[in-house]
Amino acid sequence: MKNKYNNHSFSLSYRTALIFSLGISFLVNLLFIIMFVYGKEAFSPQDHESVKPVGFEPSKLIANFVFIFLYAFILYCINFYILRINSSDKTKLILIITGTIIVTFALSISFSYIQMNIFGFGKYPHRFLRGGMMRDFFISIIVVFSSQLLYLTNKKQQIALQNKILMAENVRTRYETLKNQVDPHFLFNSLNTLSSLIKTDPDKAQEYIHGFSSVFRYTLQNKDILPLYEELKFTESYCSLMQIRYGENLKFVIRVDEKYMNYAIIPLSIQTLVENAIKHNVVSNKYPLTITISTTDDSSLKISNPLQPKKEIEAGEGIGLANLMERYRLKFQKEIIINKSENTFDVIIPLIKI
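Cut-off values and rules
- Residues numbered from 1 in each chain as written.
- Predicted model: local features only at pLDDT ≥ 70, side-chain atom pairs only at ≥ 80, totals over all residues.
- Heavy atoms only, no water.
- Patch = residues over 30% accessible without salt bridge, like charges linked within 9 Å, V, L, I, M, F, W, Y side chains within 5 Å.
- Areas by Shrake-Rupley, 256 points an atom, 1.4 Å probe, with all protein chains shown as cover.
- Salt bridge = Lys/Arg side-chain N within 4 Å of Asp/Glu carboxyl O.
- Helix = DSSP H or I, 4+ residues; strand = E, 2+ residues; numbered from the N terminus.
- Buried < 20%, exposed > 50% of the residue type's maximum accessible area, 1.4 Å probe, protein only.
- Pairing = 2+ DSSP bridges.
- Axes fitted to C-alpha atoms, helices over the stretch in contact; angles between N-to-C directions.
- Contact = heavy atoms within 4.5 Å.
- Parallel < 35°, antiparallel > 145°, perpendicular 65-115°, else oblique.
- Left-handed = near helix turned anticlockwise from the far one by under 90°.
- Nonpolar A, V, L, I, M, F, W, Y, C, P; charged D, E, K, R; others polar.

(A) A nonpolar patch on the surface, seen in detail. Taken together, the side chains of L93, I97, I101, F105 and I109 define a hydrophobic patch exposed on the protein surface, amounting to about 410 Å² of accessible area. The topology assignment puts F105 in helix 3 (residues 89–119). F105 gets classed as partly exposed once you look at its relative accessible area, which sits at 40%.

(B) Structural view of the sheet that holds strand 2 (residues 250–255). Across the sheet, 5 strands lie side by side as 2-4-5-7-6; this open sheet has mixed pairing. Edge strands, defined here as strands with exactly one partner in the open sheet, are strand 2 and strand 6 (337–340). Taken over all neighbouring pairs, the strand axes of this sheet differ in orientation by 15° on average, direction set aside. Lying over the sheet, helix 6 (residues 228–246) contacts strand 2, strand 4 (289–295) and strand 5 (300–306), oriented at roughly 165° with respect to strand 2. Against the sheet, helix 8 (residues 320–332) contacts strand 6 and strand 7 (344–350), and its axis sits at roughly 25° relative to strand 7.

(C) Representation of the pattern of salt bridges within the structure. Applying the stated criterion across every chain yields a total of 3 salt bridges. Here D89 ties to K155 by a salt bridge, and the two come within 2.9 Å at their closest N and O atoms. Placement of the pair is D89 in helix 3 and K155 in helix 4 (residues 126–200), with a sequence separation of 66 residues. For D89, a relative accessible area of 36% corresponds to the partly exposed category. Since its relative accessible area comes to 32%, K155 is described here as partly exposed. Between E326 and R329 there is a salt bridge; the shortest N-O distance is 3.1 Å. Of this pair, E326 and R329 are both found in helix 8, 3 residues apart, which corresponds to roughly one turn of the helix. With a relative accessible area of 32%, R329 lands in the partly exposed category. One network of salt bridges, with partners in common, ties together E326, R329 and E335.

(D) Expanded view of the packing of helix 6 against helix 7 (residues 269–280). Where helix 6 meets helix 7, the axes come as close as 8 Å, and the angle between the chain directions of the two elements is 25°. One way to sum up the angle between helix 6 and helix 7 is to call them roughly parallel. Relative to helix 7, helix 6 is oriented so that their crossing is right-handed. In this structure, helix 6 contributes L228, E231, L232, F234, T235, Y238, M242 and Y246 to the contact, and helix 7 contributes S269, I270, Q271, V274, E275 and I278. Looking at the contact of helix 6 with helix 7 residue by residue, the class counts come to 9 nonpolar, 3 polar and 2 charged.

Listed below in structure tokens is the structure:
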């Protein structure tokens, strides 16, 4: 699995080894220049009769920069290779420490020998060799600690990424479960309505069946979001079905601003709330019900109805509004707002700009 954090942080790669090695070489040579400026010469000719005085020469500085860079780069490559192998952290640490000690001795002696021959320091001046060895071991400590820090940081990021993937998968599974509950819920309630019509008004039942087939086709779409105009078109068809059952006792008022028509909404959102309003309120000649669907100035959709609660709630699965609220939380991290007063019941759905 590719780590997306690699775009924002250093990974255990040759590119990282190159960058860090250049940085270490630059800093060490900067320290050397500062010491020279302040009179802290690295070597003294009194330490060995074959040692010549060391002056500030660009060629020496460049050579020193190259050798330190190569030394750090080789150590980083070795460390990164060991850290990438499939083994326990304890085994990796043992291999890194052992390999670093061996490589440090070998490279320090080799590079020191090359430098002495190039700059004419004589054969194995002890101070030069001892100073170079100390410097190289100090650099090796920096390499080991920085490599471990990079390894632990990347490991932590990978764990965080895996956790996010698992969380996203869990959210997607929960959302799909909720979405799969909606279609049977809609079908169940629609068939209940049809059953009531067959008993009371067979002609209306026949008309309801024709309208229901086209409405139910909408619910079969396998989409997570839809533009508002599509949802409204479906809702109007659904409202027509409800008016077959309730006649003039049920009215709908739709006042939706055109500028919101392409905003996104979860399918069956409005229908769920319309159905919820009908199921929980009295709809009769004495108490007609008017459901208003309108947009607000803050890019939301409000479904309102007067409160005229039934004494007995119609049977159902009880998943309508709670299901819709949870789907909005999972899909958009948005909350559906419910406002209930003495006389009215409002539900406000956030519209998502796409």
